[in-house]
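So the chains spell out like this:
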Amino acid sequence: MADDVAGHEPVAAPRGAGYADAVQVGRVVGVEAPGRRGSGYLIAGRLVLTSAHTTPEVGAAVRIHPIASGRSFAGVVTWRGTPGGRQDAALVQVDDPAWIEPDGRDPAFGRLATGRPHLPAEAWGFPRWTERPEWPTDTWRVTGSVSPGSRFEGDRFVLDLTHQPPAGEAPWAGLPGGAVFCGGLLIGVVAGDLDVGPGRLEVVPVSTLCREPGFADAAGRAVPRLSPVELTEAQLTESDQLLSPAALLRAGAEIVGFRGRHRLMDDMDDWCAGNGFAALLLHGPGGQGKSRVGYELTAERTADGWATLWLDAGTSDEAIAAVSGVVVPLLIVVDRADSRPEQVRTLLRACARHDGAQPLRVLLIARTAGDWWRLLRTDRVAEQLLAHASVVALPLLDDDASGQLDAYQQAVHELAAALPRVPGYAGHDWPAIAARLIAVSHEPGGPVLAVQIEALADLLDAVWPGSAASARQSAEDRVLAHERRYWAFTAAWHGLPFDEAVLQDLLAVAMLFSPADDDQADRLLSGIAALDGQPRECRDAVRGWLADLYPGTDGEPWGSLQPDRLAERFVGLRLTESPELPEPLIPVVTEGQRRRMLTVYARAARQPGLADQLTDLCVRHADRLTQATIDAAGLVETPQPLVAALRRISADPGAEVERLAPIGEWLPRHGHDHTVWAVEITQRIAELHRRAGREAELATALNNLSVRLGDLGSNGPALAAIEEAVLIHRRLAGQQPETFEADLARSLSNLCVRLGELGQLEPGLTAGEEATELYRRLDDREPGTFLPDLAMALRNLALCLGALERFPQALAAIEESVLLYQRLAEERPDEFLPDLAVSLSILGINLGSLDRDEESLHVAEQAVLIRRRLTARRPDASLPGLATALTDLAVRHVVLNQRPEALAAVEEALAIRHRLVEKWPETFGEDLEWSLHVQKVILEA
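These lines cover the structure that appears in this document, whether it is placed above or below. As the structure is a prediction and not an experimental result, all values here were calculated from the model.

Any two side chains of opposite charge can pair, given that their charged atoms come close. Counted according to the given criterion, the structure contains 50 salt bridges. A salt bridge links arginine 620 to glutamate 583; its shortest N-O distance comes to 2.4 Å. Of the two residues, arginine 620 is situated in helix H19 (residues 610–620) and glutamate 583 in the loop between helix H17 (564–577) and helix H18 (591–604); the sequence distance between them amounts to 37 residues. Overall, arginine 620 belongs to the partly exposed group, its relative accessible area being 48%.

We now examine the nonpolar core. Counting 166 residues, the largest nonpolar core has Leu459, Trp487 and Trp545 as the members making the most contacts within it. The residues contacting tryptophan 487, other than those within four sequence positions of it, are Leu480, Gln504, Leu507, Trp545, Leu549, Tyr550, Leu561 and Phe570. Listed in part, the 37 residues of the second largest apolar core include Leu309, Val334, Trp372 and Trp373.

Our focus in this paragraph is the pairing of strand E6 (residues 73–80). Sheet topology places strand E5 (residues 61–66) next to E6; four bridges connect them, and they run antiparallel. Opposite isoleucine 64, over in E6, you have phenylalanine 73 as the bridge partner. Between E5 and E6, which pair antiparallel and follow one another directly, the connecting turn spans six residues, one of which, glycine 70, has a positive phi of 80°.

Let us now look at the side chain of threonine 208. Tracing the backbone shows threonine 208 in helix H2 (residues 206–210). Judged by relative accessible area, threonine 208 falls into the buried class, the value being 1%. Among residues more than four places away in sequence, those in contact with threonine 208 are Arg86 and Asp155.

The five strands are arranged E17-E18-E19-E16-E20 in an open sheet whose pairing can be described as parallel. A strand with exactly one partner marks an edge of an open sheet, and here the two such strands are strand E17 (307–310) and strand E20 (390–393). Averaged over all pairs of adjacent strands, the angle between strand axes in this sheet comes to 15°, irrespective of strand direction. The pairing of strand E18 (residues 330–334) with strand E19 (residues 359–366) spans five bridges and is parallel. Opposite valine 333, over in E19, you have leucine 363 as the bridge partner. Lying on the sheet, helix H5 (residues 290–303) is in contact with strand E16 (276–283), E17, E18 and E19; it crosses E17 at an angle near 160°.

In contact at an axis separation of 11 Å, helix H4 (residues 262–272) and H5 are set at 55° when each is read in the N-to-C sense. For the element pair H4 / H5, the angle class is oblique. Crossing of H4 over H5 shows right-handed handedness. The segment H4 lies against H5, with Leu264, Met265, Met268, Asp269, Trp271 and Cys272 engaging Val293, Glu296, Leu297, Glu300 and Arg301. Class assignment of the residues belonging to the contact of H4 with H5 gives a composition of seven nonpolar, no polar and four charged.

As a further point, take the environment of aspartate 335. By the element assignment, aspartate 335 lies in the loop between E18 and helix H7 (341–352). In this structure aspartate 335 comes out as buried when scored by relative accessible area, which is 16%. Remark: the alpha-carbon pair of aspartate 335 and leucine 226, spanning 109 residues in sequence, is separated by 18 Å.

Let's shift gears to the packing of aromatic side chains. Inspection of every chain in the model, using the stated rule, returns 10 aromatic pairs. Between tyrosine 425 and tryptophan 464, the aromatic rings sit 5.0 Å apart at their centres with planes inclined by 75°, giving edge-to-face as the arrangement. Taken together, the residues span a long stretch of sequence, with tyrosine 425 in the loop between helix H10 (401–418) and helix H11 (430–439) and tryptophan 464 in the loop between helix H12 (448–463) and helix H13 (475–493) at a distance of 39 residues. Given a relative accessible area of 6%, tyrosine 425 falls into the buried group.

Here we take up unusual backbone geometry. Look at the link from glutamine 562 to proline 563: it is a cis peptide, with omega at 0°. Tracing the chain through its elements places proline 563 in the loop between helix H16 (536–549) and H17. Positive phi, close to 55°, is recorded for arginine 336, a residue that is not glycine. Mapped onto the fold, arginine 336 is located in the loop between E18 and H7. Judged by its relative accessible area of 34%, arginine 336 falls in the partly exposed class.

About the thresholds
Residues numbered from 1 in each chain as written. Predicted model: local features only at pLDDT ≥ 70, side-chain atom pairs only at ≥ 80, totals over all residues. Heavy atoms only, no water. Salt bridge = Lys/Arg side-chain N within 4 Å of Asp/Glu carboxyl O. Helix = DSSP H or I, 4+ residues; strand = E, 2+ residues; numbered from the N terminus. Buried < 20%, exposed > 50% of the residue type's maximum accessible area, 1.4 Å probe, protein only. Core = buried A, V, L, I, M, F, W, Y, C linked by side-chain atoms within 4.5 Å. Contact = heavy atoms within 4.5 Å. Pairing = 2+ DSSP bridges. Axes fitted to C-alpha atoms, helices over the stretch in contact; angles between N-to-C directions. Parallel < 35°, antiparallel > 145°, perpendicular 65-115°, else oblique. Left-handed = near helix turned anticlockwise from the far one by under 90°. Nonpolar A, V, L, I, M, F, W, Y, C, P; charged D, E, K, R; others polar. Phe/Tyr/Trp six-rings, centres within 6.5 Å; stacked < 30°, edge-to-face > 60°.

Nothing here speaks to function; it is all geometry.
Here you go:
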């Protein structure tokens, strides 16, 4: 072994566990061709990534020297860039029949994504091989740091070494092609150009290679994604082991090739075009193929050199915050977004701070676009970013008989090819079995996953028919029957002393409650009746069994059966057999686990008898399950059992405010039935506060009741409710001004709006003026705290004054509003620039009303500039506002007889509004008509 040199460490061939195994030193290889020697790295079973400098032309033979084998193997160059060029890299396929594919996970790839300098990195290879006639038995780890800006203009970056190279004429001559890692990700290969200065190595980024013609075809799925190095903690890392037959159906395994969806993928390509932020919600029932669309889009963006991030559910807020500093194109995929709205809000806040200079796309995948989506957008930042996000309902694939038959035959072939990779399934002639199945007539149907489940069930039944092959059983149940063999075998290996029914109940509980950490797992297992009285060793064995069956990700004690559709079917079967299964655990688990349990239960409730069972469970445990029932009802496609439970809970005469209030807050402000229900609940809450003499709470409830009555169209009662709220808040503010003046100001603002809707402009103005003066006093008392409220109150006041044609006073109010929003936007531009643009537009209209046309034009131009700035960063959310500002600008030009400028502005507005109307005709139809009217006026002038 060579002598150790600090920063350049020779590492012996792996002999056991340790750091060398962690970095997979066994995948470091030497690459040899006549007159050439270099390094490489095995990135897949037989595929080596190396340097173009090290290899001859495509199709030429090379020898591959694995560090631990003691012999070489034949290979052929399948792709080669230009030696010394921007794509100085090559791919070699090992075609030697004696080759044995290595154990362990294939490397994950990445790219530098922020401007963060001096990130620790390391290169692996055989730098001194060219000095020796024999094959070296050790490899070198060369350490240093990389910075995104160094030499990046040439699609290269530099590895600055920790120490100077060892002595010798060409100390690194054998290192070209060596893999460079940063943050555990393979980010590039050492280039053949070694003369870049002492203590430095030039690196060809993998992101550059991904954009090269032919590289993606030659690499196949070996480079599935480029993770952002600085966001490694946030990246979802799934097991790539195929431990059971069902694992072949996981979307992330990508066993059955992606098919169809050409129009959708074209639309997503269009969505990815351009810089700045954009979001898209893709929703549809389970098994429709949503996640596979996400993986396909990830592959397409990877081929364009983008960084891609599948956000892990356990990611900390601090890790997510790094998204704001990303300086390369980035796609973020949030699967099961409906189950983690708080994390989505955190992500959106980070996206709001992104500078918009590069594309930033967020793909949200969920089963529905229901209540969770509505509630998500009640957050101020989320509302701005998602106001006009694309919402796509994923349709069925291959809905005709011919297409479904093709899909079935493809699934049979590709699942058969993968089954030998599942432990215990290699000893069968799967290609022959697949051929026999395809020769028999089939009529598959349903979503894409249903077709694949049927194909897998048919393959497995052909080998182990048993009771699973019964024609009376669904394909899901047949696959579950084979999966039970895996459960029983693994339980025996762990020495679990339980019969099959108990084992299945344990597994169903584990899937229902899904603990997020070790503490939750311990509390869950300690509450299971079957484990009561068992020694700690038995609970540990159960825990080990669950973790071996379905390994968890990123700290989870265990995972779940995938796909979800199979897990939900299995859980439903166990709940039918054992309805009492979840009840003893409700008191011991967390609120998040209760929500998870009810979500899975509701999705399993499509099975007969479970819907009423679920409703009764929620009502019986209303003290602990009301909030979880509300949360789950917003997540599932068929919430009827949960909604029925909430109706029964809210109808209970003994229900207190604490139980009623969350239900009232959850109910949406649309739909007659929901609105009537919300009014009933809010009236009961107000009455309970009135009886108890809780005046402050009564005033808040009356405020809410006014809103709900207004939604119902009961304007008279709505006005009466807000007037009573104002009276109570006025009395309380007189007694405790510091505590209640802010509440009084809010009630007066709402009264102003309500009176305006009823056409009572003078009383509305009085309420608006008083609210404004209160907010001034509050801002004097607590500088900055109430500034946004004051700015909004001034804007509302200006609108009231304008409606009464008191233009000078309206101008004074809106000018002050603009000044305040300018201050706020300087401090928090992401939050307040849109408000500033709105107030500027109103200011322009007021100036025009006073014939101050030049000033009005200047203000309109300012509004357009702000809207352009917002659109560059967040096009989906900001394009409608830009179209409005451009139309206002066109009107200002018309007034000043500036016809060409007016026409240019309105035509740009029309181009935007035509695109918007294609997606949202009901929302933007009237806006388009107004812009068309302005265009007609200009053309006829």
